[in-house]
Amino acid sequence: MKIAVLMKQVPVSNNVSVDPDTHALIRSSSEGMINPADLNAIEAGIILREKYEGEVVAFTMGPQDAEKSLRDALAIGCDEACLITDRALAGGDTIATAKTLAKAIEIYGEFDLIMSGALSTDGATGQVGAMVAEYLQLPHVSEINGVDFADESFQITKKFQNNIVELSCEGPASVSVCFGVNSPRLATLRTKRAAKNKEITVYTNRELQLAEQEVGIAGSPTLVVDSFAPEYQKKAKMLLGTPEEIAEQMKELISIERGKN
Amino acid sequence: MANGICIFAENYKNTLEPVVGELMSVANSIKASTGEKIIAIVLSSNCDNLVESLKALGVDEILAVNTVEDTSFKDEINSHIIAEMIRKIEPTSVLIPATMTGRSIFSRVAAKLNCGLTADCTEVVVDKNENGNYYIKQNKPSFGENVMVTIITKEECYPQMLTIRPGVYPSVEASEQNVATVVNYMTEVEIPKSKLQVVGITKAQASTESIVGAEVVVVGGRGATGENFELLNRFASKLEAAIGGTRPLIDEGVIPFENQIGQTGCTVRPKICVSLGVSGAIQHTEGIKDTKLFIAVNTDESAPIYNLADYGVALDFKSVLEAYLGD
């Protein structure tokens, strides 16, 4: 079973503020890590490989230093890794990113299952996995809780409105995995060392051969035109007083609401 | 010439999702500037009820597709039909609920139409560009809730498609007086096949049912462990409330996974919700819907939970609960 896992390097800290004059983002640290939900996708991929043999290939698109996250993925247990990096690809929105990832997967080889984390901690769009599936013309199930393989098909579980939905799909298929559905294994000192020396496939646009107007900012239908500090439109009315006074107010609010139909 | 504001009438089992009423508020605010008509797009194995519900929300037009079979979860089919509907309507904007279903289907629609999809907008602002044309500033939180970004769609890539975070905009009131709706059925669209099969749908385990159906829910976040959990537990018994939790509480093993509220857990719609030490990250707040009374207790006055809650208490929840319980 050949599995591709799409992952994203996200900032370790979401502690980002906005310069009030230039509106530029000010980051407290530039350190990156694998997006948490992507670790769940990697774990789900490795479990499938352990049961049914095959390999797990981690893909990421980003600056050169995203290589660090790919090394982490190899240390955790991915078999191969592919870094997609090129200045021309920078600044892309989800459409441009998905188009690029789809092309990279296509030229890398055939896969039975494409996996990704459901949402990233930074942009949290949850779109790229489904868009890649569309570009590759694959069936896709978003935000799943589990996947196994039986009767020649992927058996997928997904939670939806307090129901457990069971789906079945022949490969090749694509899924995005919810955060927290399994416990990602950790790298050991030994696997970390081994990962250091593994070869990583690097694709620039020379390999991908995508037209300039299809990638990066030019290939993005949307543009980020501004960033600003959120003005919290606080909806909540703050209850004031001593804990005792507040407790009394809470009791009253709750008893009024209970009395309504 | 593109014209019209589309709203996606998300539904499940032929019932309209309440969030569609919230999209209608946003559509009305765009219409107030641009004067465009509002067109609901709906697809279902049986659109009749849905069409009636949509009329009551006051949409100008409805474009409906009867899919014959239930196509829930089959994004390939749904995205194909919706892309065809949008091609037919040629709207300037499409509003979609930022839900699992909305994200999942419209990611594919955006790829098909090569238009963008702005995720999880909390603010929609109509402005005019230098050519005198209206466009939408799509404001959304990024990096957790620490930064707001404004996103716009390039004019050559219209429609402007955006998902709207549920619970931010108030819903319009449904009224039977709204009768001026034009209803069109689109019959010429081909309904493709999907390799994806729904094998079964079962209710989540019984243990979650107590929390899912509960009228009163107490939610614990980081810090609600150890003796604090003891306190939370007594508070919940006093209110006859079910206990839910965010991830830290699940990780600590204090409450079972089934009682996790949010994106990976369950969705609750209690009448009364009291959250204790919950910061309010979207992963969690997506799981709390339609509350009538929501009181949040969190020492951090800038916590995003206060954008959702009706009342806030910026104190350590321990002191508040002790006072409440008369300790």
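Refer to the structure printed above.
Before going into details, it helps to say that this report is about the structure given with it. Note that the coordinates shown come from a computational prediction; the quantities given were computed from them, not determined experimentally.

**Observations regarding the interface of chain B and chain A**
Across the contact, 81 residues belong to chain B and 79 residues belong to chain A. When the two sides are added together, the surface that chain B and chain A hide from each other amounts to roughly 7600 Å², 59% of it contributed by carbon and sulfur. Scanning the region where chain B abuts chain A turns up four salt bridges. Our count for the contact surface shared by chain B and chain A stands at 32 residue pairs in polar contact (both at pLDDT 80 or more). Among the elements that make up the side of chain B that touches chain A, the one with the highest residue count is helix H4 (residues 100-113) of chain B (nine residues). Class assignment for the residues of the side of chain B that touches chain A results in 40 nonpolar, 24 polar and 17 charged.

**Considerations on the sheet that holds strand E8 (residues 123-128) of chain B**
As summarised here, the arrangement of the four strands in space is E15(A)-E10(B)-E9(B)-E8(B), forming an open sheet in which the pairing is antiparallel. For this open sheet the edge positions go to strand E15 (222-228) of chain A together with E8 of chain B, each flanked by a neighbour on one side alone. In this sheet, neighbouring strand axes are inclined to one another by 30° on average, regardless of whether the strands run parallel or antiparallel. Both E8 of chain B and strand E9 (residues 134-142) of chain B contribute to a ladder of six bridges, which runs antiparallel. Among the inter-strand pairings, Val126 of chain B is bridged to a residue of E9 of chain B, identified as Ile136 of chain B.

**Here's the deal with helix H7 (residues 243-259) of chain A**
Spanning 17 residues, H7 of chain A covers 24 Å between terminal C-alpha atoms, matching the ideal 24 Å at 1.5 Å per step. When H7 of chain A is considered as a whole, its buried residues turn out to be Ile246, Ala247, Met250, Leu253, Ile254 and Glu257 of chain A. Relative to the axis of H7 of chain A, the buried residues are bounded by an arc of 125° and lie together on one face. More than 90 degrees from the buried face of H7 of chain A, the exposed residues found are Glu252 and Gly259 of chain A. Here the buried face of H7 of chain A lies against helix H6 (227-239), strand E16 (272-276), strand E17 (293-297), strand E18 (311-313) and helix H9 (317-325) of chain B.

Scoring rules and cut-offs
- Residues numbered from 1 in each chain as written.
- Chains lettered and ligands numbered in written order.
- Predicted model: local features only at pLDDT ≥ 70, side-chain atom pairs only at ≥ 80, totals over all residues.
- Heavy atoms only, no water.
- Contact = heavy atoms within 4.5 Å.
- Buried area = accessible area lost by both parts, 1.4 Å probe.
- Salt bridge = Lys/Arg side-chain N within 4 Å of Asp/Glu carboxyl O.
- Polar contact = N/O pair within 3.5 Å; in protein donor to acceptor, adjacent residues only side chain to side chain.
- Helix = DSSP H or I, 4+ residues; strand = E, 2+ residues; numbered from the N terminus.
- Nonpolar A, V, L, I, M, F, W, Y, C, P; charged D, E, K, R; others polar.
- Pairing = 2+ DSSP bridges.
- Axes fitted to C-alpha atoms, helices over the stretch in contact; angles between N-to-C directions.
- Expected span 1.5 Å × (residues − 1).
- Buried < 20%, exposed > 50% of the residue type's maximum accessible area, 1.4 Å probe, protein only.
- Arc of directions from axis to C-beta.

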